[in-house]
Amino acid sequence: MGGTEHLSVERHGATLVLTLNRPERKNAFSIPMLIGLHDAWIEADADDRVRSVVLTGAGGDFCAGMDLKALAAGGFGDGGPGDRDAEHRARLKADPDLHWKAMLRHHRPRKPVLAAVEGVCVAGGTEILQATDIRVAAESASFGLFEVRRGLFPVGGSTVRLPRQIPRTHALEMLLTGRRYSAAEARDIGLVGSVVPDGAALDRALELAETVNRAAPLAVEAVKRSVYECAGLGEAEGLARELEIGLPVFATEDAKEGPRAFAEHRPPVYHRR
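Scoring rules and cut-offs
- Residues numbered from 1 in each chain as written.
- Predicted model: local features only at pLDDT ≥ 70, side-chain atom pairs only at ≥ 80, totals over all residues.
- Heavy atoms only, no water.
- Axes fitted to C-alpha atoms, helices over the stretch in contact; angles between N-to-C directions.
- Helix = DSSP H or I, 4+ residues; strand = E, 2+ residues; numbered from the N terminus.
- Contact = heavy atoms within 4.5 Å.
- Nonpolar A, V, L, I, M, F, W, Y, C, P; charged D, E, K, R; others polar.
- Core = buried A, V, L, I, M, F, W, Y, C linked by side-chain atoms within 4.5 Å.
- Buried < 20%, exposed > 50% of the residue type's maximum accessible area, 1.4 Å probe, protein only.
- Pairing = 2+ DSSP bridges.
- Polar contact = N/O pair within 3.5 Å; in protein donor to acceptor, adjacent residues only side chain to side chain.
- Phe/Tyr/Trp six-rings, centres within 6.5 Å; stacked < 30°, edge-to-face > 60°.
- Lys NZ or Arg CZ within 6 Å of the ring centre and 35° of its normal.
- Right-handed = clockwise from strand over helix to strand, strands pointing away.

Peer 1: Describe the packing of helix 6 (residues 158–165) against helix 7 (residues 168–177), and please don't skip the residues or the numbers.
Peer 2: It is the contact of helix 6 with helix 7, at a shortest axis distance of 7 Å, that shows an interaxial angle of 145°. Facing Ser158, Thr159, Leu162 and Pro163 of helix 6, the residues of helix 7 in contact are Ala171, Met174 and Leu175. Classifying every residue of the contact of helix 6 with helix 7 gives five nonpolar, two polar and no charged.

Peer 1: I'd love a proper account of the nonpolar core, names of residues and values included.
Peer 2: The nonpolar side chains of a soluble globular protein tend to be buried with one another. Leu18, Leu37, Val117 and Phe143 are the most contacted members of the largest nonpolar core, which totals 43 residues. Looking at this core element by element, the count peaks at six residues for helix 1 (residues 31–46). Excluding its chain neighbours within four sequence positions, the residues that come into contact with Val117 are Phe62, Leu129, Val136, Ala137, Ala138, Ala141, Phe143 and Ala201. Ranked by size, the runner-up nonpolar core spans 10 residues in total, among them Val17, Ala201, Leu206 and Ala209.

Peer 1: Can you break down unusual backbone geometry residue by residue, with the values?
Peer 2: We note that Leu104 has phi near 65°; this positive angle belongs to a residue other than glycine. Within the fold, Leu104 resides in the loop between helix 4 (98–102) and strand 4 (113–117).

Peer 1: Give me the pairing of strand 4: which residues, what numbers.
Peer 2: Counted residue by residue, strand 4 has five buried out of five residues, so it is predominantly covered. Side-chain alternation along strand 4 places Val113, Ala115 and Val117 on one buried face and Leu114 and Ala116 on a second face that is also buried. As judged from the three bridges shared by strand 3 (residues 52–57) and strand 4, these two strands associate in the parallel manner. In the sheet register, Val54 faces strand 4, and the bridge partner there is Leu114. Relative to strand 6 (residues 134–138), strand 4 is paired through four bridges, and the arrangement is parallel. Along strand 6, the bridge assignment pairs Val117 with Ala137.

Peer 1: I'd like to hear about the side chain of Asn213, residue by residue, with values.
Peer 2: By secondary structure assignment, the location of Asn213 is in helix 9 (residues 201–214). Among the polar contacts listed, one links the side chain of Asn213 to the side chain of Thr15, at a separation of 2.8 Å. What Asn213 contacts, discounting residues up to four positions off in sequence, is Ala14, Thr15, Arg51 and Ser52.

Peer 1: Which residues make up the packing of aromatic side chains, and what values go with them?
Peer 2: What the rule picks out here adds up to zero aromatic pairs. The positively charged end of Arg105 is found above the aromatic ring belonging to Trp100, 5.1 Å away from the centroid.

Peer 1: Just give me the short version of the pairing of strand 3, but keep the residues and values in it.
Peer 2: Among the six residues in strand 3, six count as buried, and that is most of the element. By the alternation rule, side chains of strand 3 split into Ser52, Val54 and Thr56 and Val53, Leu55 and Gly57, which are all buried. Note that strand 2 (residues 15–20) and strand 3 share six bridges and pair parallel. Looking at the pairing, Thr19 lines up with Thr56 of strand 3. Running through helix 1, the crossover from strand 2 to the neighbouring parallel element strand 3 is right-handed.

Now the structure itself:
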């Protein structure tokens, strides 16, 4: 898998690591970055060798969201003039929804996505964070939705997702005050799952990803699908949908391999079938 000048893509075993790579702007979104993210999400889901994805940032920061300097100048962090820039703009024109898919507003990967957060994770960084499944933050990481302080609106999905992920009063405080949150506060309100020493977020996320990778991939993906598809349903409807998604897993070869490996005191070998 490739990437762009603002996104690096690397394979760590069965985990795909996507690194937002624009450290001079605290990894603020750019057109090349968004195009790279869009393509990486699609390719990761299409590649059965990939069982999980870790999203992180280069240079000690996660993501500062929209590039406000470029926006004020009438641009969007294009990456410079030339044929490559024209190609990127052509892709955005051909698919006006591409940037929303890249930010996971209009696309949900079927593979588990883990976030490894160091440093700044604010505005659009906090918005894309809400689309990840497991979140690890370094002790000095900071979070926040600053849009109202800039006369903007968090259109990356935060007014919908955040109140569903953390208590409503905490969600509204974050959205309406635009204040900065420490990693400890983010953990306390449930925005992130764990806090680790600075510099260790990626290692911890990779450890968690490897644990996910050892599980049966069809079961993992079905569990993730059920959690999201049942989230907005009433209990009875949700329980019915859970059976629709979950029961077919028992008919797979992997469902036979798991108990067999347990009985034989050996690690299971899953084949996604």
